[in-house]
Amino acid sequence: MSSEESDIDPSWWAEAFANSDDDGPRRVVELASMRIADLAKAAPADSLQRAVLIALHLATSSMLRPEDWDEPFKPMMVWDGKRSALPDDLDEAQLDLLRRTLPLVEQRPMRARLADILWMADRSDHAMLGLAIDTYRAASLDPDEWHRNGHAEWQRAIELARRRGRAELARLQEISAALHARILSGDRSDGFVLCDMSDMLKRCASMDPPERTALAAKFVELAAAAADDDKARLARHLERAAQQWLASVDDQQGVHASLERVADLYVAEADERLASDSGAAIAADHFLEKAIATLRTLPRSYRIEHGHDHRLRELRQRLEDSRELALESMMRISTGPIDLTEAVIETRRRVSGLAELEALVAMATIYPLTDVARARAHAEELAEGSLRHLLGNVTYSSDGRKVASSDGAVDHAEAAIQSDMSRTLQISTGIAVTGFIIPAHEVVTFEHRYNFGFLQRVCAESPLVPSGHEDLWARGLRHGLNGDFASAAAVLVPQIEQLIRGVLKRRGVHTLFVDAYGVESEKSLPSLLSMPETAQILGESLQFELQAMLVEQNGPNLRHNAAHGLLDDAQAWSASSVYVWWLCLKLVVVPLWNMTQPAKDEASDVGDSPATSGSGSDTPPGS
């Protein structure tokens, strides 16, 4: 020990590691960092003790993320543009203190962390790199230690050794041998730990085919034992580990047999769920889907030879029956009635006594479009502090098809917020149709008779209706004015795509998709509506509502259903169809009305049209 090291006392930080066995799943070095910070505050000011403890705190307070080579250490906390300490915050003096301290550190997790950080500060120090690798891989391979420290530390050891290449080949081989031996000596009580080790082992030094075959046999054995213990999920993961090793020695028959066992496990779990209490049909649905998907990965020739095509047909029929059962088991959630009497009275007053075109414009602006910023803020407010977005969700159509699905995760928060905004629009659509659009429709069609010629002229003069499509738009609007919203949806929904495309092209937006061979194809409606230029031209509100009503899988999805014959009687006469017809009326008549009014400013606005009270600015620019 040098004289400089003798000035440093290991007892300064020993207390931080006291009772470390009670820390639970939190990594010892990270929890100890908080205790070291407290010890630093209690140390004498301007003392070597305080300086050492501050340096140790900065070195240990971050979280190890071994999968990120460029930034393996992440801050423990991030808030309001600030973060907790990172190793990058260490200055040269503090790094020098850590070099002097490292030989005195007996706690293995902190010793590994310090060696790693000091090597990152000076990557030419290969001895420090070797110390980091050896100390990381000294972590126990027992399940408890694996979950606390071992998984991340062994992964970091492998990454450090692999990155240096041939110079660390011997260490990689030692790591490989240790993991290989640990897996072969494991049993079903190790759970998913052996699957983690298998994934790591594939990144180590290459192994001989007999070693790979032994691993495959071991995982097949463990999977069978887990299945006997009714641990189906663990058994499936063990089988997948076996498949990877079987594939590495080109044992395709073994891989196929393993896939069959995985499919059997899914089916068995579906049967178990269906045999349980009510509400299990949705869970059984999930397992049947997985079984079908697994069998579909088998080569067709193998499926035919082993009778799996027949089994697939049986499973698909079971899946269909399960989904019907799931729909029947769903519970309707309803609220008390909403009194729209005042809204209906005011709506009737605002559209009554107007001229023909003016009445149509009043009806088209009787209800405001979605304030997207406010809708997003509301969705974010609902999400704040809620665990709902951590859970997945599934949307089924009325005939039992799964039409939308999302995984629950923090990483998918944006998709969840968009989904909530879309669902909120579906709720408000019913209110808009019942309290505003239908009452306005009744008054306008009672006071006026809109013949086909009039509507043709309106569509011909409207700046948004594409040339050559005026007749179709006029017929669609007339169907709606006559109360035949099913026919209106069938005619107008397919026409919206060309209207959007024409608006974009007139503004110089490129709407073609060019493939690898130079063949040009027009973008479809989902692609057109997702373009940022669409929001700029049509307005954010109209873009959002067209997307939510026409192309979102967890919404009415009217465009898809109409195009593929899936639009049934119920949806054709639903509030969604009425609302989309009303949006089409807005696209035709409001820009035309704005063109005929004296210009009050440069930008056209729905405020130039009648019945604007409370309607907001929701008109797409028409010129």
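Since the model is a prediction, treat every value here as computed from it, not as a measurement.

(A) Looking closely at the packing of helix α18 (residues 356–364) against helix α29 (residues 575–596). Direction vectors running N to C along α18 and α29 enclose 125°, while the axes themselves pass 8 Å from each other. Classed by the angle they form, the pair α18 and α29 counts as oblique. Once α18 is placed against α29, the crossing between them reads as left-handed. Facing L357, E358, L360, V361, M363 and A364 of α18, the residues of α29 in contact are W581, W582, L585, K586, V589, V590, L592 and W593. Looking at the contact of α18 with α29 residue by residue, the classes come out as twelve nonpolar, no polar and two charged.

(B) Fine view of the packing of aromatic side chains. Taken as a whole and judged by the stated rule, the model has six aromatic pairs. Where Y450 meets F454, the ring centres are 5.6 Å apart and the plane angle is 40°; that geometry is what we call tilted. Considered together, Y450 and F454 belong to a single accessibility category, that of buried residues. Geometrically, the ring pair formed by Y579 and W582 is tilted, given 5.2 Å between the ring centres and 45° between the ring planes. Note that Y579 and W582 are positioned in helix α29 at a spacing of three residues, about one turn of the helix. Accessibility classification places Y579 together with W582 in one group, the buried group. A cation sits over an aromatic face here: K202 above W245, 6.0 Å from the ring centre.

(C) View of the pattern of salt bridges. For the structure on display, the rule yields 33 salt bridges. Measuring nitrogen to oxygen at the nearest pair gives 2.8 Å for the salt bridge that ties D134 to R171. On the criterion of sequence distance, the pair formed by D134 in helix α7 (residues 126–136) and R171 in helix α9 (residues 169–184) is long-range, its members being 37 residues apart. Taking relative accessible area as the criterion, D134 reaches 30% and is therefore assigned partly exposed. In this structure, R311 and D264 form a salt bridge, with 2.8 Å as the shortest nitrogen-oxygen distance. Remark: D264 occurs in helix α13 (residues 252–274) and R311 occurs in helix α16 (residues 308–329); sequence separation between them is 47 residues. Salt bridges sharing partners connect three or more residues here, namely D134, R137, R164, E168, R171 and E174.

(D) A look at the nonpolar core. Counting 94 residues, the largest nonpolar core has W13, L53, L56, M110, L179 and F219 as the members making the most contacts within it. For this core, the element with the most residues is α13, which contributes eight residues. Ignoring any residue separated from it by four or fewer positions in sequence, one finds L53 in contact with W12, W13, I36, L39, A40 and A43. One finds V372, F452, L504 and W582 within the second-largest nonpolar core, a separate group that totals 76 residues.

Reading guide: rules and limits
- Residues numbered from 1 in each chain as written.
- Predicted model: local features only at pLDDT ≥ 70, side-chain atom pairs only at ≥ 80, totals over all residues.
- Heavy atoms only, no water.
- Axes fitted to C-alpha atoms, helices over the stretch in contact; angles between N-to-C directions.
- Helix = DSSP H or I, 4+ residues; strand = E, 2+ residues; numbered from the N terminus.
- Parallel < 35°, antiparallel > 145°, perpendicular 65-115°, else oblique.
- Left-handed = near helix turned anticlockwise from the far one by under 90°.
- Contact = heavy atoms within 4.5 Å.
- Nonpolar A, V, L, I, M, F, W, Y, C, P; charged D, E, K, R; others polar.
- Phe/Tyr/Trp six-rings, centres within 6.5 Å; stacked < 30°, edge-to-face > 60°.
- Buried < 20%, exposed > 50% of the residue type's maximum accessible area, 1.4 Å probe, protein only.
- Lys NZ or Arg CZ within 6 Å of the ring centre and 35° of its normal.
- Salt bridge = Lys/Arg side-chain N within 4 Å of Asp/Glu carboxyl O.
- Core = buried A, V, L, I, M, F, W, Y, C linked by side-chain atoms within 4.5 Å.

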